[in-house]
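# Descriptive structure summary
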Amino acid sequence: MNDQHSGSDRTILLFLCNWGAHAAFLTLQDQRRPIPDEIRMVRTPCTGRIDRAMLLKAFAKGADGVLLVGCEPGTCRYGSGTATSQRNTQDVRKVLDIMGLGGRRLRFAAFLPEESEQMLAFFQDFAGEIRTLPPAGIEPLPAEPVVDTDARRQELRRLVTAYDVHACQDCGKCSSACPLALIGKPFSPRAIASAVITGGIHAPGVQENAWSCLTCGICFERCPSAVNFPAFIKDLRHLYRQTELPGQEVHGGFFHSLQRSMTSKSVTPRRWAGLPEGIRVDPESTTLFFGGCAPYYDIFFGKHSDVETNRILLDSLRLLNFFDVAPRLLADERCCGHDLLWSGDRENFLRLARLNVERLHDLGIETVITTCPECYMTLHTTYAQMGLEPRFQVVHLYDFLEEQIDKGAVGFKPLERAITFQDSCRLGRLEGRTDLPRKLLKRLKPVRFTEMKESGNSSICCGNCAWTGCDSYSKAMQVKRLEQAHATGSDLLVTACPKCQIHLKCAMEDPFRRDQLEIETMDLASVIAQTIQWE
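Note that this is a predicted model, so its numbers are computed, not measured. (Residues numbered from 1 in each chain as written. Predicted model: local features only at pLDDT ≥ 70, side-chain atom pairs only at ≥ 80, totals over all residues. Heavy atoms only, no water.)

Moving on: the nonpolar core. In this structure, Val66, Met99, Leu401 and Ile528 are the most contacted members of the largest nonpolar core, which totals 103 residues. Other than its neighbours up to four places away in sequence, Met99 contacts Leu56, Leu258, Ser261, Met262, Val267, Thr268, Pro269, Arg270 and Tyr296. In terms of nonpolar packing, the next biggest core, distinct from the first, is built from 34 residues, Cys178, Leu180, Cys216 and Phe232 among them. (Core = buried A, V, L, I, M, F, W, Y, C linked by side-chain atoms within 4.5 Å. Buried < 20%, exposed > 50% of the residue type's maximum accessible area, 1.4 Å probe, protein only. Contact = heavy atoms within 4.5 Å.)

Written as structure tokens, this is what we have:
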């Protein structure tokens, strides 16, 4: 904005409230005061409208620092804008700390119209700090649009051939089993298949359904022609992105921006800070525990009751220690990339996956243990399918536990709870492991264990996958699932996936049906950690 620091290569994005703060900013401009040249201003009706996704996306798009400048508390024209801005800033600062960028790259401040000089001092102080930091270094690689019409048609024909979509018999077994269709959504896998065959993928209803698909796999499990519809939808979403059609990312694309940011080599996450006393790890071990995104989930969904997915990781570590395994933890652990791939961003998934494989190879890791079913499927199956050739074994924690418990001398304390179980789509249908958690469940000593009406290969998805397409039908599915859990007479719903826990607890927040829907929820790893003992 002036020539004082024109040599700086930093970029600071300023989200500026349209009311009192903007008046102070106009005074600085009118008086030609030395606003730091790094600052790029975006005027907004209220800083409360700049949600956490937009703050994080600013960094994902190349900002080195972000300012959120609004009204003094009590002067917000919209009532809660200032409080919302402060809360969003606090959450994203925590995320930036874990990502390794540092929370001090983001600040919130409030000014009255007459406080222009105080605003200038704030700008200059922040710009000075950003200049002392290295560039944020996030260099996202967008998918290259396929602009040639013939190339698009050729890719579409390839998809039809690769997944043998022509084999669809139009029998309707997919639609009759699809949980979205059964809940009332006008959704049909076979209708999408027919549209693709005839080249009608750009019809509005087809696009919307392609992004609404849960990719839960129940249609694939029921299809007599074995059309792998979830994988087909995954690649169809990639084709949509290549034609520059936007996806339907929920939560403003927060988690997609997070994962895209991690595709940059210069971003070095800082995971596993502040482990509780008593948890043993070995920085030289060739066995690594891969945690996944739970810490980010807990920050983002902290306003929801009892969302503690990071507890799953800690209890998993305690279980490994119980069997005298002190694993290595990756201080700079990145996401596995599952959500990028399944939302159609294949290019950034591959960038992230290559970084993960190279890092684990460089460390000489021989075995990776994980609890998250999406991390397990991605590391165990998807990486190899995408040609990455990982030279390490991937083991789900449940496999490890079952093997160790089967050796004997291990028992379980009585669990004074009646329990039921929510399957993970990734571990269950897509990996074919519905039996694995049940082996462990049968070893527990609850008051009783009762399966829900639809369980195992018929289990209903929690309502969302890869953070895409969440809507009222997803919510209705979650409510239906909670009603099925209550129908078993259970007082503890055991889950096997952090997202299942998040989505089902979100449905419990319904202000009109909270009392009917609420049920205590706990991950299977935590249940085992609480009850396992040596005999």
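Past the structure itself, the notes keep going.
Spatially, the four strands line up as an open sheet ordered 2-1-3-4, and their pairing is parallel. Edge positions in the sheet fall to strand 2 (39-44) and strand 4 (106-110), since each has one partner strand and no second. Each strand axis lies, on average, 20 degrees off the axis of its neighbour in the sheet, ignoring direction. Pairing of strand 1 (residues 12-17) with strand 2 involves six bridges; the strand directions are parallel. Directly across from Phe15, in strand 2, lies its bridge partner Val42. Against the sheet, helix 1 (residues 20-30) engages strand 1, strand 2 and strand 3 (65-70), with an angle of about 120 degrees to strand 1. (Pairing = 2+ DSSP bridges. Helix = DSSP H or I, 4+ residues; strand = E, 2+ residues; numbered from the N terminus. Axes fitted to C-alpha atoms, helices over the stretch in contact; angles between N-to-C directions.)

Below, the discussion takes up unusual backbone geometry. Positive phi, normally seen in glycine, also occurs at Trp272, with a value near 70 degrees. By secondary structure assignment, the location of Trp272 is in the loop between helix 12 (254-261) and strand 5 (287-290). The exposure class assigned to Trp272 is buried, which follows from its relative accessible area of 15%. With a phi angle near 70 degrees, Ala409 is a residue other than glycine that sits in the positive phi range. Examined against the element boundaries, Ala409 turns out to sit in the loop between helix 18 (397-405) and strand 9 (410-412).

What follows deals with the side chain of Thr215. Mapped onto the fold, Thr215 is located in the loop between helix 9 (204-212) and helix 10 (218-222). Beyond its immediate chain neighbours, meaning those up to four positions away, Thr215 contacts Pro230, Ile233, Arg237, Trp342, Arg426, Leu430 and Cys465.

Okay, the sheet that holds strand 7 (residues 367-370) next. Ordered in space as 6-5-7-8, the four strands form an open sheet in which the pairing is parallel. Every other strand in the sheet has two partners, leaving strand 6 (328-329) and strand 8 (393-396) as the edge strands with one partner each. One ladder, built from two bridges, connects strand 5 with strand 6; its direction is parallel. Counted as the bridge partner of Leu288 is Arg328 from strand 6. Relative to the sheet, helix 17 (residues 373-385) contacts strand 5, strand 7 and strand 8, its axis offset from that of strand 8 by approximately 155 degrees.

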